[in-house]
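Spelled out, the chains give:
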Amino acid sequence: MSSTAIGVSLSMSSRIRRGGGGEVDVERVLVTASPTTLKLIQTRRVVAGRFLGMKKRFHGTVAITKAEVDDGEEKRTSRNMRVGLICGGPSAERGISLNSVRSVLDHIQGNGISVSCYYIDPDLNAYAISSAQVYSNTPADFDFKLESLAQAFASLSELAEHLVSAVDIVFPIIHGRFGEDGGIQELLESHNIPFVGTGSVECRRAFDKYEASLALKEHGFMSVPNYLVQGTEVDESEIAQWFTDNQLDLEVGKVVVKPANSGSSIGVKVAFGVKDSIKKATELILEGIDKRVVVEAFIENAYEFTAIVLDVGSASDCHPVVLLPSEVELKFHGSGDTKENAIFDYRRKYLPTQQVTYHTPPRFPIHVIKSIREEASLLFKKLSLRDFARFDGWYLTPTSNLASSASQTLTRSGDIIFTDINLISGMEQTSLFFQQASKVGFSHSNILRTIIYRAISRYPQLSWYNYDESGRGSKTMETPGDVQKVFVLFGGDTSERQVSVISGTNIWMNLQRFGDLKVTPCLLCSSLSNSMGAFPDKTESDLDNREVWLLPYSVVLRHTVEEVLAACMEAIDPDRARFTSLLQQQVKEDLMNALKNHSWFAGFDIIDEVPMRFSLKDWIKLAKESEATVFLSAHGGIGEDGTMQALLEDEGVPYTGSGVHASRICMDKAMASKALSHLSEFGVQTISNEVKRTEDIIHESIPDIWDELITKFKCLTLCVKPARDGCSTGVARLCSSDDLAVYVQALRDCLPRIRANSFSKTHGMIEMPNPTPELLIFEPFIETDEVIVSSKSSEKLSWKGSRRWVEITVGVIGKHGSMRSLSPSLTVKESGDILSLEEKFQGGTGINLTPPPTTIMSKEALERCKRGIELIAKTLGLEGFSRIDAFVHVETGDVMAIEVNTVPGMTPSTVLIQQALAEQPPMYPPQFFRTLLNLAAQRVK
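Residues numbered from 1 in each chain as written. Predicted model: local features only at pLDDT ≥ 70, side-chain atom pairs only at ≥ 80, totals over all residues. Heavy atoms only, no water.

Per an unreviewed UniProt entry, the protein chain goes by the name ATP-grasp domain-containing protein and belongs to Brassica carinata. Quoted verbatim from the Sequence similarities (unreviewed entry) field of the UniProt record, the comment on the protein chain reads "Belongs to the D-alanine--D-alanine ligase family." (UniProt positions renumbered as here; feature names shortened; annotations may be inferred.)

So, in structure tokens, the structure goes:
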């Protein structure tokens, strides 16, 4: 078995084209990883040494040092290929579109490619936007201020006319309507603008789920039996006959109801029987999601899969190759969904959840995987698709409800059925698109450039592009100077562990772009012997049960700790490893049969390494021996409460963030509040609180506890949260003793989450702490003024302002005693009164206004607010970087501290990235994370 270390090359384009055709100076960096062969040896320590510290060599562009990045100069001998990225659109998936375009921008900018960004709003208005806006959490963050921040086009035609001269090729990254239905493609075709992806006519038919099913039948493929509903007047007898024809019970026959012209996840519902099907189809139409709705048989006793198809042909020659497919395994953990009605919906596809696990390659017989790849490749050709696509489908077992019809109607494989054709697959950092690509040797940059170069070959007018000058050529160079080793630690066992995976992955991907860093992603988890994964205390024996895995490239690209750990176990299982290796070799051979003929393809740059497991103590010793700096990204638990900080300090290992004392204080919300209680005369207030033992609450009278609390605080609404846990975990608004009873019951039952709207007042899903907290804090619920953001009304930003308090979140950065406040962000809640984990950290959810609009808070009040935030940081002894949540009075700038997070979320769309971009000059993510790393080194010195 062999392993490789992943070398990294970095280039920087110092100028980004603004939509209007002008340019702004922006530091951008691009990673292209490349392999260096490494033979495994027997001892893990020596293996780890090579894994972490070998000489780095670079395929592609010359590595650029940190100084060169800061200098902002790059020599070019020929004109760059100007790529226009278009995102947004009218679909409910436009938030995912923003995530995707952010990822594409990160990985193609530079090395002979210049990028311009464009945005289509829900009403199909077009804008040229800056790259900084791409790092917003959701389009709603900037929809209301587009007229002042972006260049607007009078019409889509004017956008197209602009693109004719401003870019050489367009990469549409709009999911759903107008992106995959042929809309944007038809616009580009009408102006003879080269673009990536399938043509408009082919898009139109493949995107419509009903028309696509007809096309599948025409070409001899099986399709799921379906019925088309058009309009709200549904013929009940006709749909009842369809139920009968397909042997479905008229009362309880299970079907899937979904829009015909929408993404693969939006509006998808399960229905039972004729009446329920009609009801749910009509609801989708009345909600305006679609005018055409498909009712199709629910597939049972089958295994779901998804597969990326890559066209590696040239010019008009189509040569589709299917990468390693992924099996989609749905799981059930008491979340309210049952096996009877759970489907691979929007939440499971795009948000971190334990309810789904991906296996790449699938755990299917090898002949089935071969059939999936062959059938998908053939279907790609039959539908005349171009460049890339994603096919979702099912492997039918002999007992499947569709197996008998398959054997009777198919001319090809009877155990494979395709259900969804995705013409613009989601491309977030850890998406299935990149997972499957990395398993066969493509880094993010390599797969995206392969797609773009393939599209370029289709257009004779782009034949001038010199690929050898684009930086992807065969030059190799060792990194100048010393290489600094960095361990990025994420994961853990808290309810915030999934956010931690996203944060750690983002930090790793940004830091590895620097040629003078060797960055290793590390997963913190419980040992396999501790199957419960819960740690009630941090005794010596408990810490002995912690493990850390050093992760290779492809294993990192997962959504949850459990997925990463499962991928590690698969990678070290000999049988599974041999199975995967055989399939990888087949896919690579298929790819190289075509790619070897392309001058622009320099080879695969990722090879699967074997993950390595260490006890926590041995991992810390390894960090010390490697002279590595640990970038902490394990939210909550031992990663944030001072435990990990103390362990690292004991061994003299430098780490990011605040020290032991500050970490301990800030994790204990009551202690942090007490430490700030003397600052009221300086405009810093704290919230009154009462700390209670969870054990006592569980066994006492709930009504009595409620009466005691509301009497003490002289209010009718309370906020409850664990005394020692990360932000948002277990935080809830309680309006009655009944609400408190629901919360306590969830603790008693050790529920992982409380379902949305379980309390008397509307709220979103609440992630609960694990293990059950020893102490709870009760506070008066602070009422703030509702901020309404709308992209459709004439008054796009509105608020009543009667209470004069709003909620903010703000990052602080710097050395101990001199922390500086970034520009605060006004938080806007989408559901209920408490910001969920998703709204804080997950792209496509939540709304943040950075900085707070002057119509709400004056500049003077904002500056006073920032001084108060800095005083909080100084008082608590923060250093490096932290995030402070607070209420602020919009007139006086007085702040009321909520909580302090010393290891804050660092996801691609976290508001803290937006705040760093609001600095002058802007700090883009690579520079931002490098700054935090440098602060750790300065503290040690």
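Draft legend 1. Spatial organisation of the overall build of the protein chain. Across its full length, the protein chain holds 33 helices and 37 strands. Buried positions account for 66% of the 941 residues belonging to the protein chain. Contacts in the protein chain between residues far apart in sequence, at least 24 positions, make up 74% of those at least 6 positions apart. As displayed, the protein chain offers around 33,800 Å² of accessible surface, 49% of which is attributable to carbon and sulfur atoms. (Helix = DSSP H or I, 4+ residues; strand = E, 2+ residues; numbered from the N terminus. Buried < 20%, exposed > 50% of the residue type's maximum accessible area, 1.4 Å probe, protein only. Contact = heavy atoms within 4.5 Å. Areas by Shrake-Rupley, 256 points an atom, 1.4 Å probe, with all protein chains shown as cover.)

Draft legend 2. How the structure looks around the environment of phenylalanine 881. Of note, phenylalanine 881 is situated in strand E36 (residues 880-889). With sequence-adjacent residues up to four places away left out, phenylalanine 881 is seen in contact with Gly657, Gly811, Val812, Ile813, Met819, Leu822, Thr902, Pro904, Met906, Leu912, Phe928 and Leu932.

Draft legend 3. Quick peek at the pattern of salt bridges. The full count for this structure, using the stated rule, is 44 salt bridges. A salt bridge links lysine 269 to glutamate 283, with the nearest nitrogen and oxygen atoms 3.3 Å apart. Taken together, the positions of lysine 269 in strand E10 (residues 269-272) and glutamate 283 in helix H12 (residues 273-286) put the pair 14 residues apart, joining distant regions of the chain. Judged by relative accessible area, glutamate 283 falls into the partly exposed class, the value being 26%. (Salt bridge = Lys/Arg side-chain N within 4 Å of Asp/Glu carboxyl O.)

Draft legend 4. Focus on the pairing of strand E19 (residues 517-526). Burial within E19 is extensive, with ten of its ten residues counted as buried. Of the pairings in the sheet, the one linking strand E18 (residues 484-491) to E19 comprises eight bridges and is parallel in character. By the bridge assignment for E19, lysine 485 is matched with lysine 518. Taken together, E18, helix H18 (residues 497-511) and E19 form a β-α-β motif whose crossover is right-handed. In the sheet, E19 pairs with strand E20 (residues 546-550) via five bridges, with the strands oriented antiparallel. (Pairing = 2+ DSSP bridges. Right-handed = clockwise from strand over helix to strand, strands pointing away.)

Draft legend 5. Representation of unusual backbone geometry within the structure. Following threonine 360, the chain continues into proline 361 via a peptide bond in cis, with omega recorded as 0°. Tracing the backbone shows proline 361 in the loop between strand E15 (356-359) and helix H14 (366-382). Even without being a glycine, phenylalanine 178 presents a positive backbone phi close to 70°. Within the element layout of this structure, phenylalanine 178 appears in the loop between strand E7 (169-172) and helix H8 (183-190). A positive phi angle is found at asparagine 301, which is not glycine, with a value near 55°. Of note, asparagine 301 is situated in the loop between strand E11 (292-297) and strand E12 (302-311).

Draft legend 6. How the structure looks around helix H7 (residues 156-166). Regarding H7, the residues found buried are Leu156, Leu159, Ala160, His162, Leu163 and Ala166. The buried side chains of H7 occupy one side of the element, clustering within an arc of 160° when seen end-on. Turned more than 90 degrees from where H7 packs its buried face, Glu161 and Ser165 sit exposed. (Arc of directions from axis to C-beta.)

Draft legend 7. View of helix H23 (residues 616-626). Turning to H23, its buried residues are Leu616, Trp619, Ile620, Leu622, Ala623 and Ser626. Projected down its long axis, H23 carries its buried residues within an arc of 155°, all on one side. Just downstream of H23, glutamate 627 is the residue with a positive phi angle, here 55°.

Draft legend 8. Inspection of the packing of aromatic side chains at higher detail. Scanning the entire structure with this criterion turns up 27 aromatic pairs. Residues phenylalanine 171 and phenylalanine 388 carry aromatic rings whose centres are separated by 6.2 Å and whose planes lie at 65° to one another, so their mutual orientation is edge-to-face. Placement of the pair is phenylalanine 171 in strand E7 and phenylalanine 388 in strand E16 (residues 388-396), with a sequence separation of 217 residues. Of the two residues, phenylalanine 171 and phenylalanine 388, neither departs from the other in class, the shared state being buried. Here the aromatic residues Phe442, Tyr453, Trp464, Tyr465, Tyr467, Trp600, Phe601 and Phe604 are joined through ring pairs into a cluster of three or more. Sitting over the ring of tryptophan 464, arginine 79 keeps its end group 4.2 Å from the ring centre. Above the face of the phenylalanine 514 ring, arginine 930 is positioned so that its terminal group lies 5.0 Å from the ring centre. (Phe/Tyr/Trp six-rings, centres within 6.5 Å; stacked < 30°, edge-to-face > 60°. Lys NZ or Arg CZ within 6 Å of the ring centre and 35° of its normal.)

Draft legend 9. Spatial organisation of the sheet that holds E7. As summarised here, the arrangement of the five strands in space is E6-E5-E4-E3-E7, forming an open sheet in which the pairing is mixed. Edge positions in the sheet fall to strand E6 (151-153) and E7, since each of these pairs with one other strand and no more. Across this sheet, the average inter-strand angle for adjacent strands is 30°, counted without regard to direction. Judged from the eight bridges that link them, strand E3 (residues 81-88) and strand E4 (residues 113-120) form a sheet pairing that is parallel. Within the sheet, the bridge partner assigned to glycine 88 lies in E4 and is isoleucine 120. (Axes fitted to C-alpha atoms, helices over the stretch in contact; angles between N-to-C directions.)

Draft legend 10. Looking closely at the sheet that holds E20. Ordered by their spatial adjacency, five strands build an open sheet running E21-E20-E19-E18-E22, and the pairing between neighbours is mixed. Here the strands that pair on one side only, and so sit at the sheet edges, are strand E21 (612-615) and strand E22 (629-632). Neighbouring strand axes in the sheet, compared pairwise and without regard to direction, differ in orientation by 30° on average. With respect to the sheet, H18 is in contact with E18, E19 and E22, its orientation differing from that of E18 by roughly 160°. In the packing of H23 onto the sheet, contacts are made with E18, E19, E20, E21 and E22, and the angle to E21 comes to roughly 105°.

Draft legend 11. Looking closely at the nonpolar core. Judged by nonpolar contacts, the single largest core of 146 residues is most densely connected at Leu85, Phe171, Phe391, Phe442, Leu591 and Phe928. For this core, the leading source of residues is helix H17 (residues 444-456), giving seven residues. If near-sequence neighbours (up to four positions away) are discounted, phenylalanine 391 is found in contact with Phe305, Thr306, Ala307, Val309, Ala376, Leu379, Phe380, Leu385, Phe418, Asp420 and Ile421. Core analysis: the second largest hydrophobic core is formed by 38 residues, Cys666, Met819, Ile856 and Ala873 among them. (Core = buried A, V, L, I, M, F, W, Y, C linked by side-chain atoms within 4.5 Å.)

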